[in-house]
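Listed below, chain by chain, are the residues.
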Amino acid sequence: MHLCCLARCLNSLCDFAQQLTNTVPYPEETANVKTLFWSTVIATWLLSFVRQNGRRNFSIVDRIWPLFPLSLLIQWIYDSGALAYPKSELSVQAKAAQCKAIVGSILVFVWGVRLCYNSIRRGDYAVGAEDYRWAVVRAAINCRLPECSALQWIVWELFNLIFISFYQLALLYLISVPLRLLVQYPAFVQNSTGNMAADGWSLVEVLLVLAMALLLVGEAVADQQMYNFQNHKKQGKLPKSDAGFVHSGLWKYSRHPNVACEQAFWAVLCVFCATATGTDLGSTNNMWLLAGPLLLIALMWGSVKLTENISKSKYPLYKAYQLQTNRLIPWKPWSNSKLISQAHAKL
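Throughout what follows, the structure given in this document is the object of discussion. Here the structure is a predicted model, which means the values were calculated and not measured.

1. A closer look at the pattern of salt bridges
Opposite charge on two side chains permits pairing when their charged atoms draw close. A full pass over the atoms with the stated rule returns 10 salt bridges. In this structure, Glu219 engages Arg114 in a salt bridge whose closest nitrogen and oxygen atoms are separated by 3.6 Å. One end of the pair, Glu219, is in helix H9 (residues 203-234); the other, Arg114, is in helix H5 (residues 92-122), and 105 residues separate them in sequence. Given the relative accessible area of 17%, Arg114 is considered buried. Across the salt bridge formed by Asp131 and Arg133, the nearest N and O atoms sit 2.7 Å from each other. Among the ionic contacts, a cluster of salt bridges with common partners joins Arg114, Glu219 and Asp223.

2. Focus on the packing of H5 against H9
Viewed as axis vectors pointing N to C, H5 and H9 meet at an angle of 5 degrees, and their least axial separation amounts to 11 Å. Comparing their axes, H9 and H5 come out roughly parallel. Across the interface between the two elements, Lys100, Val103, Leu107, Val110, Trp111, Arg114, Leu115, Asn118, Arg121 and Arg122 from H5 touch Glu205, Val209, Met212, Ala213, Leu216, Glu219, Ala220, Asp223, Gln224 and Tyr227 from H9. Split by residue class, the contact of H5 with H9 holds 11 nonpolar, two polar and seven charged.

Calculation notes
Residues numbered from 1 in each chain as written. Predicted model: local features only at pLDDT ≥ 70, side-chain atom pairs only at ≥ 80, totals over all residues. Heavy atoms only, no water. Salt bridge = Lys/Arg side-chain N within 4 Å of Asp/Glu carboxyl O. Helix = DSSP H or I, 4+ residues; strand = E, 2+ residues; numbered from the N terminus. Buried < 20%, exposed > 50% of the residue type's maximum accessible area, 1.4 Å probe, protein only. Axes fitted to C-alpha atoms, helices over the stretch in contact; angles between N-to-C directions. Parallel < 35°, antiparallel > 145°, perpendicular 65-115°, else oblique. Contact = heavy atoms within 4.5 Å. Nonpolar A, V, L, I, M, F, W, Y, C, P; charged D, E, K, R; others polar.

Spelled out as structure tokens, the structure:
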């Protein structure tokens, strides 16, 4: 009974979101995508009850994080009928729109495949592998509740269903949904009788594509530097005087360069999809497209804060690293003299 009520509430939220998406001149979300979304939510939640190496695992969504946007993209491409249009039958404007859709799709596929590869080599897909932060989150939730095992179990299971399974997958849908406009736009242009946007690529669109490519490279380099550091650490190749955490390369200019590139990539992708389809993000009817990037920033801000609290408790020098290096936006590290003068100014 309670699960039925919860399902109706979640369905009402999706209906509200669908009403927003229907304000743009594109078809309603297909039954295939709705089925894909809800089946994934239910599957990830149920799989969290399956024991791995003798205990439950709450990193199921973490494992499909690189794959779910790709699944949505493939389904949108299929549902849009874009593959049914022979290139010879497309108008010049539809061909230009199709080219932009292909470029945007390739960039997202590169993002997903690279991130999946990085997760595989780190062992995130191994049986029993779980993000260490979930145990910290659960302990923090339990500390704020009365010492009642039944109540703690209920609250955690609600958190597991609503946040870990539903919210994170809804977030992945929202950051990916601008792609829906992009892949459906060629058919919209082909079937339209009115005047459409100018043919070809604008300078802004080219710059946005270059920015996305640069952000993908930046995230890959940051992840590679972290991977190399962790391998050297496990093999005992770091000097005894090392701080215990990576702070060189891109990590010298940002405490989380991979996170910064991830956030910026999806924000720029949203702007590119809007620009390529002539969608005005300043219009109240289209502002919902910004929900994904903004919610991603909020989620990762909290995730970064949690990670840094754990790092501070493990590494004595991490506080000094925080003072010298920006959290996200890459910038020249602060010198000791600047830190001292800043501290004096606050006295």
